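The primary structure of each chain is shown beneath.
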Amino acid sequence: MDSIRERCLRFEDTSIDKASLLAIQNEIGESPQSKDKCLKELRKQLNEVKDLDPCLDEEFLLAFLRVAKYDVAKAFQRIINYYTQHDKLLDAFENISMSVSTARSPQHIWVSPYRLENNSILVVGRGPTFDFNSITLIERFYLEVVVVNSFINNPLTQLYGITAIFDYAGFRYSSIFHYTPGIVRLLVNTLQDL
């Protein structure tokens, strides 16, 4: 019987066998020609947006093109949504300041050291046992945004995605008061637009 180590890629892997890579590239419409053409068109459209100084790096743009299956209009809209949401996040996170030890202490996110068989990464968020006296919900959310943004820099994660499980078993009634409508709206919109 083969082990998970033989079947699954590690979390930090950035490359995959050629057959699997070709299969996913065919599924999303990625070829050297479509890549060059779509990157050029997407950069052109982004440069035409007033009051926006977008990141035009290939790795950044590919994250949006891949999730949009190389539909430039959809990728463009996702990038606009991304920047709009990040402006809201900057406002929400404006007063956040914490020590490194505080940032490491919550341990509310767990990432599997191995990718799932579909090559996505597995992220488990633990919600109910979280101590809101040690760190606020908005501070916790800040840490989650930093972590998720680091995940999407990996080309395999761009191609295969993230499988997320939010564990709310044992959710305490007292915790509901930390989930204000404004924070819930920010959480949901960010999950949709990242």
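Residues numbered from 1 in each chain as written. Predicted model: local features only at pLDDT ≥ 70, side-chain atom pairs only at ≥ 80, totals over all residues. Heavy atoms only, no water.

### Considerations on the overall build of the chain
Phase 1 of the analysis: Along the backbone of the chain there are nine helices and three strands.
Phase 2 of the analysis: In sequence order, the secondary structure elements of the chain are arranged as α-α-α-α-α-α-β-β-α-α-β-α.
Phase 3 of the analysis: If you line up the chain on its principal axes, its C-alpha atoms span 60 × 55 × 25 Å.
Phase 4 of the analysis: Taken across its 194 residues, the chain has 38% of its residues classed as buried.
Phase 5 of the analysis: Relative to all contacts within the chain whose residues are 6 or more apart in sequence, the contacts with residues 24 or more apart total 76%.
Phase 6 of the analysis: On the chain, roughly 12000 Å² of surface is accessible, and the fraction owed to carbon and sulfur atoms is 54%.
Phase 7 of the analysis: Here the chain carries 21 positive and 25 negative side-chain charges, and the mean point of each set is 3 Å from the other. (Helix = DSSP H or I, 4+ residues; strand = E, 2+ residues; numbered from the N terminus. Buried < 20%, exposed > 50% of the residue type's maximum accessible area, 1.4 Å probe, protein only. Contact = heavy atoms within 4.5 Å. Areas by Shrake-Rupley, 256 points an atom, 1.4 Å probe, with all protein chains shown as cover. Lys, Arg positive; Asp, Glu negative; His and termini not counted. Charge placed at Lys NZ, Arg CZ, Asp CG, Glu CD.)

### Comments concerning the packing of helix 3 (residues 32-47) against helix 4 (residues 58-67)
Phase 1 of the analysis: At a minimum axis separation of 11 Å, helix 3 and helix 4 run at an interaxial angle of 105°. The orientation of helix 3 relative to helix 4 falls into the category roughly perpendicular. Contact with helix 3, carried on its side by Lys 35, Cys 38, Leu 39, Leu 42, Arg 43 and Leu 46, involves Glu 58, Leu 61, Leu 62, Leu 65 and Arg 66 of helix 4 and no other residues of that element.
Phase 2 of the analysis: Here the contact of helix 3 with helix 4 is built from residues that sort into seven nonpolar, no polar and four charged. (Axes fitted to C-alpha atoms, helices over the stretch in contact; angles between N-to-C directions. Parallel < 35°, antiparallel > 145°, perpendicular 65-115°, else oblique. Nonpolar A, V, L, I, M, F, W, Y, C, P; charged D, E, K, R; others polar.)

### Some points on the UniProt feature "domain: CRAL/TRIO N-terminal" (unreviewed entry) in the chain
Phase 1 of the analysis: Per the UniProt entry, the sites bearing "domain: CRAL/TRIO N-terminal" (unreviewed entry) are residues 57-82 in this numbering.
Phase 2 of the analysis: Structurally, residues 57-82 comprises 81% helix and 0% strand, and the distance from its first C-alpha atom to its last is 15 Å. (UniProt positions renumbered as here; feature names shortened; annotations may be inferred.)

### Let's talk about the environment of Phe 151
Phase 1 of the analysis: Checked against the element boundaries, Phe 151 lands in helix 7 (residues 137-151).
Phase 2 of the analysis: Judged by relative accessible area, which is 7%, Phe 151 ranks as buried.
Phase 3 of the analysis: Ignoring any residue separated from it by four or fewer positions in sequence, one finds Phe 151 in contact with Phe 11, Val 111, Ile 121, Val 123, Thr 157 and Ile 162.

### A closer look at the packing of aromatic side chains
Phase 1 of the analysis: Taken as a whole and judged by the stated rule, the model has eight aromatic pairs.
Phase 2 of the analysis: For the ring pair Phe 11 and Phe 151, a centre distance of 5.7 Å and an interplane angle of 80° mean the geometry is edge-to-face. A residue pair is termed long-range when its members are at least 10 positions apart, and Phe 11 in the loop between helix 1 (4-7) and helix 2 (18-28) and Phe 151 in helix 7 qualify at 140 residues.
Phase 3 of the analysis: Ring plane angle 75° and centroid distance 5.3 Å describe the contact between Phe 64 and Tyr 82, whose orientation is recorded as edge-to-face. (Phe/Tyr/Trp six-rings, centres within 6.5 Å; stacked < 30°, edge-to-face > 60°.)

### What about the environment of Asn 95?
Phase 1 of the analysis: Positionally, Asn 95 belongs in the loop between helix 5 (72-92) and helix 6 (100-104).
Phase 2 of the analysis: Overall, Asn 95 belongs to the exposed group, its relative accessible area being 71%.
Phase 3 of the analysis: Sequence-wise, Asn 95 and Leu 21 are 74 residues apart; in three dimensions their C-alpha atoms are separated by 43 Å.

### Some details on the side chain of Thr 190
Phase 1 of the analysis: Structurally, Thr 190 is set in helix 9 (residues 181-193).
Phase 2 of the analysis: Residue Thr 190 is classed as buried on the basis of its relative accessible area, which comes to 2%.
Phase 3 of the analysis: Polar side-chain contacts of Thr 190 include one of 2.7 Å to the backbone oxygen of Leu 186. (Polar contact = N/O pair within 3.5 Å; in protein donor to acceptor, adjacent residues only side chain to side chain.)

### Describing the pattern of salt bridges
Phase 1 of the analysis: Following the criterion strictly, the structure yields four salt bridges and no others.
Phase 2 of the analysis: Note that Arg 10 and Glu 12 form a salt bridge whose closest N and O atoms lie 2.9 Å from each other.
Phase 3 of the analysis: With a shortest N-O distance of 3.2 Å, Lys 44 and Glu 48 are connected by a salt bridge.
Phase 4 of the analysis: Taking relative accessible area as the criterion, Glu 48 reaches 53% and is therefore assigned exposed. (Salt bridge = Lys/Arg side-chain N within 4 Å of Asp/Glu carboxyl O.)

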